[in-house]
Amino acid sequence: MASTPSEAAWRPSELELGRRATRRRQSTKSVLIALVSSVVFVVVVGWAILSSPGWEDVRRAFFDPEIALASFPSILAGLWVNIQVLFVAAIAVAILGTTLAVLRSLRGPVFFPLRALATIYTDLFRGIPLLIVLYLVGFGLPALGVFGRVPVVLWGTIAIVLTYSAYIAEVLRAGMEAVHPSQRVAARSLGLSHAQTLRIVVIPQGVRKVVPALMNDFVSLQKDVGLISVLGAVDAVRAAQIASAQAYNFTPYIVAALLFVAMALPMIRLTDYVSARLAKREQMGGTV
């Protein structure tokens, strides 16, 4: 007699069921241990801080609820400036960084000047601290007197783009060089030009290899947009500085810090998720 579809369906063996139960018990045990250890750590650290002699002074200077509520609207308005700078800078960095990476990957002696210029650019702006670049661009270029009146936010955005493009270019170049040479050979054998090979074959595969590094650089960019305050732009950091000077209290800086954390946290968690997913794919589900 022929078996029915339900009878013919695969069912795990007793051994497999036992393995699954063991894994569930180990997972539950690990979660409980992590939870208990975390609670103990938080309690110990909290007790150490709250029982310290200067805690009351620190609480009044950095964690005043009234000052936090009073300064929150102005700092939130300043954060909108940071978000605008971040949006423009991220697009410009992606374009300029990709261009630099492509220039550095060009082959042949005729492209040597372009490769040399791209190399000098990346070495220069990776070596100069961003704060100095902000001063040079924000105060040096306007002093030339050839650009007219330009908002300091724009100068700050340009400085951030110049610096981060160098970092992104090197990350992308590393990803492009990690693509196996056979991919280029196969693309050229199919009749693709060098530009088409880069655009269709090399760049997509290279970007996939360095996605976690690119996302980490974006998280850093989210923080560093706050440095435009050194040029006088009224962003979240500058608004916190003004509120702190008015209240003779450091609480506004804590408010600004929490807003930056709230802005960066989704990308941080997404970066962790993407990194774990890529690692799991490379390991084919194995455990290292």
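See above for the structure.
Criteria and cut-off values
- Residues numbered from 1 in each chain as written.
- Predicted model: local features only at pLDDT ≥ 70, side-chain atom pairs only at ≥ 80, totals over all residues.
- Heavy atoms only, no water.
- Helix = DSSP H or I, 4+ residues; strand = E, 2+ residues; numbered from the N terminus.
- Rg over C-alpha atoms; globule rule 2.2 N^0.38 Å.
- Buried < 20%, exposed > 50% of the residue type's maximum accessible area, 1.4 Å probe, protein only.
- Contact = heavy atoms within 4.5 Å.
- Lys, Arg positive; Asp, Glu negative; His and termini not counted.
- Charge placed at Lys NZ, Arg CZ, Asp CG, Glu CD.
- Phe/Tyr/Trp six-rings, centres within 6.5 Å; stacked < 30°, edge-to-face > 60°.
- Core = buried A, V, L, I, M, F, W, Y, C linked by side-chain atoms within 4.5 Å.
- Salt bridge = Lys/Arg side-chain N within 4 Å of Asp/Glu carboxyl O.
- Polar contact = N/O pair within 3.5 Å; in protein donor to acceptor, adjacent residues only side chain to side chain.
- Patch = residues over 30% accessible without salt bridge, like charges linked within 9 Å, V, L, I, M, F, W, Y side chains within 5 Å.
- Areas by Shrake-Rupley, 256 points an atom, 1.4 Å probe, with all protein chains shown as cover.
- Axes fitted to C-alpha atoms, helices over the stretch in contact; angles between N-to-C directions.
- Parallel < 35°, antiparallel > 145°, perpendicular 65-115°, else oblique.
- Nonpolar A, V, L, I, M, F, W, Y, C, P; charged D, E, K, R; others polar.

A. Highlighting the overall build of the protein chain. Of regular secondary structure, the protein chain possesses 12 helices and 0 strands. In terms of overall dimensions, the protein chain is more spread out than a globule: its C-alpha atoms have a radius of gyration of 27 Å, far above the 19 Å expected for 288 residues. For the C-alpha atoms alone, the extent of the protein chain along its principal axes is close to 90 × 70 × 30 Å. When the 288 residues of the protein chain are sorted by exposure, 30% land in the buried category. Long-range contacts, defined here as pairs at least 24 residues apart, represent 75% of the contacts in the protein chain between residues at least 6 apart. Distance between charge centres in the protein chain, computed from 26 positive and 15 negative side chains, equals 11 Å.

B. The packing of aromatic side chains, seen in detail. Under the criterion given, the structure shown has 7 aromatic pairs. Connected via pairs of aromatic rings, a cluster forms that spans Phe 62, Phe 250 and Tyr 253.

C. Up close: the nonpolar core. Core analysis: the largest hydrophobic core is formed by 46 residues, its most contacted members being Ile 75, Ile 160 and Val 225. Elements with a minimum of two residues in this core: helix H4 (65-105), helix H5 (112-127), helix H6 (130-143), helix H7 (152-177), helix H9 (194-209), helix H10 (211-224), helix H11 (236-247) and helix H12 (251-282). Of all the elements, H7 adds the most residues to this core, at 11 residues. Not counting residues within four places of it along the chain, the set of residues in contact with Val 225 comprises Asn 82, Val 85, Leu 86, Ile 160, Asp 235 and Phe 260.

D. Summary view of the pattern of salt bridges. Following the criterion strictly, the structure yields 8 salt bridges and no others. Ionic pairing is found between Arg 104 and Glu 170, a salt bridge with its closest N-O pair at 2.6 Å. Of this pair, Arg 104 sits in helix H4 while Glu 170 sits in helix H7, and the two are 66 residues apart along the sequence. Look at Arg 104 and you get buried, because its relative accessible area is 18%. Glu 177 serves as the salt-bridge partner of Arg 173, at 2.9 Å between the closest nitrogen and oxygen. With a gap of 4 residues between them, Arg 173 and Glu 177 both fall in helix H7, about one helical turn apart. For Arg 173, a relative accessible area of 17% puts it in the buried group.

E. Representation of the side chain of Arg 173. A polar side-chain atom of Arg 173 sits 2.9 Å from a polar atom in the side chain of Glu 170. In this structure, Arg 173 is in contact with Ala 101 and Arg 104, ignoring residues within four places of it in sequence.

F. A look at unusual backbone geometry. A positive phi angle, close to 50°, is found at Tyr 248, a residue other than glycine. Structurally, Tyr 248 can be placed in the loop between H11 and H12. With a relative accessible area of 77%, Tyr 248 lands in the exposed category.

G. View of the environment of Arg 23. Here Arg 23 is to be found in helix H2 (residues 14-50). Residue Arg 23 is classed as partly exposed on the basis of its relative accessible area of 45%.

H. Geometry of a nonpolar patch on the surface. Together, Phe 41, Val 42, Val 45, Ile 49 and Leu 50 line one region of the surface with nonpolar side chains, adding up to about 480 Å² of accessible area. Here Val 42 lies in helix H2. Of the residues examined, Val 42 reaches a relative accessible area of 54% and is grouped as exposed.

I. Spatial organisation of the side chain of Ser 229. As for its position among the elements, Ser 229 is in the loop between H10 and H11. The residues contacting Ser 229, other than those within four sequence positions of it, are Asp 235, Val 237 and Arg 238.

J. Local environment of a positive patch on the surface. A grouping of Arg 208, Lys 209, Arg 277 and Arg 281 is seen on the molecular surface, where their side chains present a positively charged patch. Of note, Lys 209 is situated in helix H9.

K. Quick peek at the environment of Leu 114. Take Leu 114: it is sitting in helix H5. For Leu 114, a relative accessible area of 37% corresponds to the partly exposed category. Here the alpha-carbon distance between Leu 114 and Val 58, two residues 56 residues apart in the chain, equals 55 Å. Excluding its chain neighbours within four sequence positions, the residues that come into contact with Leu 114 are Leu 103 and Leu 106.

L. Representation of the packing of H9 against H10 in the model. The contact between H9 and H10 brings their axes to 5 Å, and the two run at 70°. As the angle between them shows, H9 and H10 are arranged roughly perpendicular. Every residue of H10 that contacts H9 at Val 207, Arg 208 and Lys 209 is listed here: Val 211, Pro 212 and Leu 214. Of the residues belonging to the contact of H9 with H10, the class tally is 4 nonpolar, no polar and 2 charged.

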